[in-house]
Amino acid sequence: MGRFSNKMWKVLGAQSTRNQSRSVALIEQSAAFDEWAQGLSDEEFPDAALALDVYAAKSDDRAKFIAIAREGADRALGLRPFDVQLQGADRLLEGDVVEMATGEGKTLAGAVAAAGMALAGRSVHVISPNDYLARRDAEWMKPFFDLLDVTVGYVAESSTREERREAYAKDVVYGSVNEIGFDVLRDQLATRAEDLLSPKPDVAIVDEADSVLVDEALIPLVLAGSVKGDVPQTAIMEVVARLREGKHYEIDADGKSAFLTDDGAKLVEEELGGIDLYSDAHVASTLPQVNIALHAYALVERDVHYIVRDGQVKLINSSRGRVAELQRWPDGLQAAVEAKEGLSQTDSGEVIDTITVQALLQRYALVCGMTGTAIAAGEQLRQFYDLGVSQIPPNTPNIRVDQPMRVYDNKGNKVAGIVDYVREVHETGQPVLIGTHDVAESEELAHMLKISGVIATVLNAKNDADEARIIADAGTKGAVTVSTQMAGRGTDIKLGGHDAGDESPEHDEVAALGGLAVVGTGLHDTERLDQQLRGRAGRQGDPGTSVIFASVEDPIVERHLPLKRPPGGADPETGEFPRGKAADMLDSAQRVAEGGMLETHANTWRYNQLVNQQRDLVMARRHTLLTSDRPLTDFADLEPERLAELREAGIDDDVLEQAAREAFLYHLDRTWAEHLAFVSEVQTTIHLRALGRQSPLDEFHRLVIEEFRKLPDEAVRRARQTLQEAEITGDGIDLDDADLGRNTLTWTYMVHDNPFATKGMANMFGMI
Ligand code: ADP
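Residues numbered from 1 in each chain as written. Predicted model: local features only at pLDDT ≥ 70, side-chain atom pairs only at ≥ 80, totals over all residues. Heavy atoms only, no water.

J.: Got a minute to help me understand the sheet that holds strand 13 (residues 366–371) in this structure?
T.: Each strand in a sheet pairs with another by means of backbone hydrogen bonds, the pair being arranged parallel or else antiparallel. Strand order in the open sheet formed by 7 strands is 3-4-2-5-13-1-14, and the pairing between neighbours is parallel. At either end of the open sheet lies a strand with only one pairing partner, and these are strand 3 (152–154) and strand 14 (389–391). On average, each strand axis in the sheet is tilted by 20 degrees relative to the strand beside it, whichever way the strands run. Relative to strand 13, strand 5 (residues 203–207) runs parallel, the two being bridged by 5 bridges. If you follow valine 206 over to strand 13, its bridge partner there is glycine 369. (Pairing = 2+ DSSP bridges. Helix = DSSP H or I, 4+ residues; strand = E, 2+ residues; numbered from the N terminus. Axes fitted to C-alpha atoms, helices over the stretch in contact; angles between N-to-C directions.)

J.: Could you clarify how one ought to interpret helix 8 (residues 161–168) in this entry?
T.: Three- or four-residue spacings in an α-helix give side chains the same orientation, since the helix completes a turn every 3.6 residues. Residues of helix 8 that are buried include every one of Arg164, Ala167 and Tyr168, and no others. When helix 8 is viewed along its axis, its buried side chains cluster within an angular range of 90 degrees and face the same direction. Packing partners of the buried residues in helix 8 comprise strand 2 (124–128), strand 3, strand 4 (172–176) and helix 9 (177–186). (Buried < 20%, exposed > 50% of the residue type's maximum accessible area, 1.4 Å probe, protein only. Arc of directions from axis to C-beta. Contact = heavy atoms within 4.5 Å.)

J.: How should a negative patch on the surface be read in this particular structure?
T.: Together, Glu43, Glu44, Asp47 and Asp149 make up a negatively charged patch on the protein surface. Overall, the relative accessible area of 55% leaves aspartate 149 in the exposed class. (Patch = residues over 30% accessible without salt bridge, like charges linked within 9 Å, V, L, I, M, F, W, Y side chains within 5 Å. Areas by Shrake-Rupley, 256 points an atom, 1.4 Å probe, with all protein chains shown as cover. Salt bridge = Lys/Arg side-chain N within 4 Å of Asp/Glu carboxyl O. Lys, Arg positive; Asp, Glu negative; His and termini not counted. Charge placed at Lys NZ, Arg CZ, Asp CG, Glu CD.)

J.: What should I look at first to understand the site of the ligand in this one?
T.: If you check the shell around the ligand, you find 17 residues, and the closest are Arg80, Gln85, Gly103, Lys106 and Thr107. Measuring from an oxygen atom of the ligand, one finds a side-chain N or O atom of lysine 494 at 3.0 Å. Considered on its own, the ligand offers 570 Å² of accessible surface; in the complex 84% of this is hidden by protein. Broken down by secondary-structure element, the contributors of at least two residues to the shell around the ligand are helix 6 (106–119) and helix 7 (131–147). Broken down by class, the residue content of the shell around the ligand amounts to 5 nonpolar, 5 polar and 7 charged. Here the shell around the ligand spans two domains, since at least three of its residues come from each of domain 1 (4–225 + 358–391) and domain 3 (401–579). (Near = heavy atom within 4 Å. Polar contact = N/O pair within 3.5 Å; in protein donor to acceptor, adjacent residues only side chain to side chain. Nonpolar A, V, L, I, M, F, W, Y, C, P; charged D, E, K, R; others polar. Domains from an automatic or database assignment.)

J.: What should I look at first to understand the pairing of strand 17 (residues 432–436) in this one?
T.: Consecutive side chains along a regular strand alternate between the two faces of the sheet. Where burial is concerned, most of strand 17 is hidden: 5 out of the 5 residues are buried. Residues Val432, Ile434 and Thr436 point to one face of strand 17 and Leu433 and Gly435 to the other, with burial holding for every one of them. With 5 bridges connecting them, strand 17 and strand 19 (residues 480–484) associate as parallel partners. Counted as the bridge partner of leucine 433 is threonine 481 from strand 19. One ladder, built from 4 bridges, connects strand 17 with strand 20 (residues 516–520); its direction is parallel. Each residue of the ladder has a partner; that of glycine 435, found in strand 20, is glycine 520.

J.: What exactly am I supposed to notice about the packing of aromatic side chains here?
T.: Geometry of an aromatic ring pair is reported as the spacing of the ring centres plus the angle between the planes. Taken as a whole and assessed by the stated rule, the structure comprises 7 aromatic pairs. Taken together, a centroid distance of 6.5 Å and an interplanar angle of 80 degrees make the contact between phenylalanine 33 and tryptophan 36 edge-to-face. Accessibility expressed as a relative area gives 17% for phenylalanine 33, which makes it buried. Overall, the relative accessible area of 31% leaves tryptophan 36 in the partly exposed class. Centre to centre, the rings of tyrosine 408 and phenylalanine 549 are 6.1 Å apart; their planes meet at 15 degrees, and the pair counts as stacked. Linking tyrosine 408 in strand 16 (residues 406–408) with phenylalanine 549 in strand 21 (residues 544–551), this pair joins segments that are 141 residues apart in sequence. You can call tyrosine 408 buried: its relative accessible area is 5%. Through successive ring pairs, a cluster of aromatic residues spans Phe144, Phe145 and Tyr174. When the ring centre of tryptophan 36 is taken as origin, the NZ or CZ atom of lysine 64, which lies over that ring, is 5.5 Å away. (Phe/Tyr/Trp six-rings, centres within 6.5 Å; stacked < 30°, edge-to-face > 60°. Lys NZ or Arg CZ within 6 Å of the ring centre and 35° of its normal.)

J.: Can you walk me through the pattern of salt bridges in this structure?
T.: Pairing between side chains of opposite charge can happen when their charged atoms approach one another. All told, the structure shown has 46 salt bridges when counted by the stated rule. For aspartate 353, the salt bridge identified is with arginine 615, shortest N-O distance 2.6 Å. Of the two residues, aspartate 353 is situated in strand 12 (residues 347–356) and arginine 615 in helix 24 (residues 583–627); the sequence distance between them amounts to 262 residues. Exposure class is identical for aspartate 353 and arginine 615. Each is buried. The closest approach of N and O atoms between arginine 400 and aspartate 402, which form a salt bridge, is 2.8 Å. Residue aspartate 402 is classed as partly exposed on the basis of its relative accessible area of 39%.

Here it is in structure tokens:
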């Protein structure tokens, strides 16, 4: 908060109060049009709606639209929007991130806003947490959109190209951030304007906005093509295999990087024939290979980070605990691990293009969204997206009881405490939802519960739809559900089970037992995620409780307060500290973690920003080449004789334009992929390159700007050569023959789970 003066906070606070009273006034004002809206027949609805522009100043259009939305949702969906949902929709129309608790009906609020924007002529993407919800929400809300004659579609992983094209042509499109992002990346492969899928981005309404905009913001979406992997030289692999931790190299505290000690560097230098690793001759060639080999040996562990199956290295997705089929390591690491395992090299991925979630969203003219925990992410939303936050009160006051954290002296006692607590609650019939941090922990806990006689359902289903069904039933009487990563799952838990109405006997029975009991197995790295978990209980005024169990040996403490001595005074029998004691220690570890994350985010953002701008330039150039006759005019300017020759041979200008287009695009894309490889190499070696010179960031900028400056000339130079040498006939240009074929095998992935993130947890239970 230090960066903002108190005055500024007051101004912001005053503004959001003002915004809120404006929304309340608008909803009141809309009541005057209820009768009018009710009087409209279904046939009259579209025209009445289309006549409205929710952005028109000095008109009643917004209020009329709210009235139409209220009546329309009631008629089409059987849901009459609560005033608070319409307040939320109003703030979304203004481009805010709105905070609405779980179960308040964010889906409908988002759909109302999407419809309003679409009627005002905008094209809207509703970004869902996953494919399953994209489809569910699009289908669920469709009758409402239909009534207003607003077209709606969705994209999911299984959508064909044709289905995607149709979906993107709709006024409102639902899709997960990765599907929409991958389509943006895949457009990179288009060589004809008509092959482009994703339209110009206009509005994004982001569901679970903090999860997408903050937690996942820096995750790169990657489009890769297959090329042979570059393995570090055998001599390098051999010497690195002999290095020992502590003597020759160190691993930093978070287990994410390893670096040579002086001893280690000396040994490597000797074994490689007395070279100087840090000299100009080796710093860019040998050193990166040594680093990759070291990474493969020191940081990546067989059966923890990957398994070897069918003669192949397969990555394990740490948070889901299953083989991540399409995931590969970048930058030769895959090849190095294969070499370490004595396997033959598979093709490794060359990154064709990559974009972070944050950069993807910044392409939209307007971004807004909804989540249960926006206020706590306010600082990041302001800093990185310039977004305001609005808090929408709940429809019915929240009566959930959040119990104080229970802190134990060690992990074993904590687990025992959780098991006792869950068993006691379970005996009353009250449903229990346990939120863990990873799959390994879930399974261990389920096992311990089973020993004590409690059968829990563990979320390890193979797809989002099954998982959503299990979560949706977590409120059934007697249910015990263990789930990882509750944040961003976007599924509502109703008391009594997924189809129990709010007034059903099933609901009332569970409510009488105290509602859903939420249990956390440790603090998350941000308090926001703890709140997300707690927020699963107490929806729509239901009763509910939440409690978090922690221990002074939790990874959050180990990682962030490694030197802090735990207090004494734990109960010798249970290992629990008196309530309130030791909680400070956990809280400060969490504050350190939050501070660290904000800093990493800001820092990574600074590194990414430059490359994002460069990407925009390449994209703009690509767009021009795809959609204008520029390729032909450039051809004429650059290689007039060759062009004249081809024209003389009777080849049509249409064909020549497309030939030139393909040549220019091919080399633009190649040089961009090469640039990205350069950037990633600079990133991994920047702390060494910058030694004793400027700040790493300045040095990074200098190198990356310098390299990018060469890109246009180089792309054009190569394209000219291709236009000179490649065979061009009435059928077009033959790039394959010139050995310039495009990647036919491409795949997309998210660098989603840091393979090194949860080692501590996995070891704790001896799992994976
Ligand atoms: P959130 O995403 O905010 O957790 P959802 O959009 O999934 O909530 O909606 C939660 C539940 O509330 C759904 O079962 C939905 O049918 C119900 N609901 C939403 N709006 C209304 C309404 N206006 N009246 C009655 N039920 C509603």
